[in-house]
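What the coordinates show
In case you want the letters, here they are:
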Amino acid sequence: MTVERLEAAGLRRMDDDNIGAFLSNQRVGVLGLPTESGPYMIPLSFGYDGDSALYFTFVGGSASRKQQLTEAAADATVLVYKVESMFHWESVLLQGSIEAVPESEWDDLAGVLDTAWRPELFRDAIEDGDITVYRFHIDEREGLRHAGLPPGFEPE
């Protein structure tokens, strides 16, 4: 079924302003990195700069598979979504590139990085461990939302 057909049932495309507002209020998503056997999916928390980039932190150093794949990736995908019910959800799909952020820039990014949600376990690991900060440059963005009523439900 195409997006156009689903629009008749209440699906709506998000414009750039809606996508920006959505990303500003979300803190977690899924990073998809290319591999020979298909995408490698990683849940991650991120900070959004309000414009054109997401920032995230990996803990564990260069021995981790996710870090090796991130370093090797020319392009990647991030999916950010929020589901309240079957008939009320939003999702944004981002295409872009990733680069490691030099440590000399980390202080300038503190405000953005502090907005990323992290379980206490990861906060402790960041303070004690080997970390790398990455910038995901957003090249393409597409957002969809559904805030309709269930089929057959007519408001009075």
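It should be noted that the structure appears before, not after, this text.
So, here is what we can say about the structure in this document. Owing to the predicted nature of the structure, the values given are computational and were not obtained by experimental measurement. Throughout, a residue's number is its position along its own chain's written sequence, starting from 1. Whole-chain, interface and lining totals are the exception, using all residues; otherwise, since this is a predicted model, local features are given only for residues with pLDDT of at least 70 and side-chain atom pairs are given and counted only at 80 or more. Just so you know, side-chain values use all the structure's heavy atoms and leave hydrogens and water out.

Re helix H3 (residues 65-72)
- For H3, the full list of buried residues reads Gln67, Leu69 and Thr70. The buried side chains of H3 occupy one side of the element, clustering within an arc of 165° when seen end-on. The buried label goes to any residue with under 20% of its type's maximum accessible area, the exposed label to any with over 50%, and the partly exposed label to all in between, with areas taken from a 1.4 Å probe on protein chains only. Only DSSP runs of H or I covering at least 4 residues are called helices, and only runs of E covering at least 2 are called strands; the numbering of each starts at the N terminus. By arc we mean the arc of the directions from the helix axis to the C-beta atoms, nothing more.

Quick look at helix H2 (residues 16-24)
- Among all positions in H2, only Ile19, Gly20, Phe22 and Leu23 are buried. The arc that holds every buried residue of H2, seen down its axis, measures 165°, which confines them to one face.
- Where H2 is buried, its residues touch strand S1 (11-14), strand S4 (47-48), strand S6 (76-85), strand S7 (88-100) and strand S8 (131-147).
- The N-cap of H2, judged by a side-chain oxygen 3.1 Å from the amide nitrogen of Asp17 a few residues on, is Asp15. Whether two residues are in contact is decided by their heavy atoms: any pair within 4.5 Å suffices. Side-chain atoms alone can form a polar contact between residues adjacent in sequence; in general such a contact is a pair of N or O atoms within 3.5 Å, and within protein one must be able to donate a hydrogen while the other accepts it.

Section: the pattern of salt bridges
- When a carboxyl oxygen of Asp or Glu lies within 4 Å of a side-chain nitrogen of Lys or Arg, that pair is called a salt bridge. Scanning the model with the defined rule gives 4 salt bridges in all.
- Residue Arg135 is joined to Glu99 by a salt bridge in which the shortest nitrogen-to-oxygen separation is 2.5 Å. With a gap of 36 residues between them, Arg135 in strand S8 and Glu99 in strand S7 connect regions that are remote in the sequence.
- Under the relative-accessibility criterion, Glu99 is labelled partly exposed at 33%.
- Close ionic contact of Arg135 with Glu105 constitutes a salt bridge, the shortest N to O distance being 2.8 Å. Taken together, the positions of Arg135 in strand S8 and Glu105 in the loop between S7 and helix H4 (110-113) put the pair 30 residues apart, joining distant regions of the chain.
- Classification of Arg135 by relative accessible area gives buried; the value is 11%.
- A single network of salt bridges, built from pairs that share partners, joins Glu99, Glu105 and Arg135.

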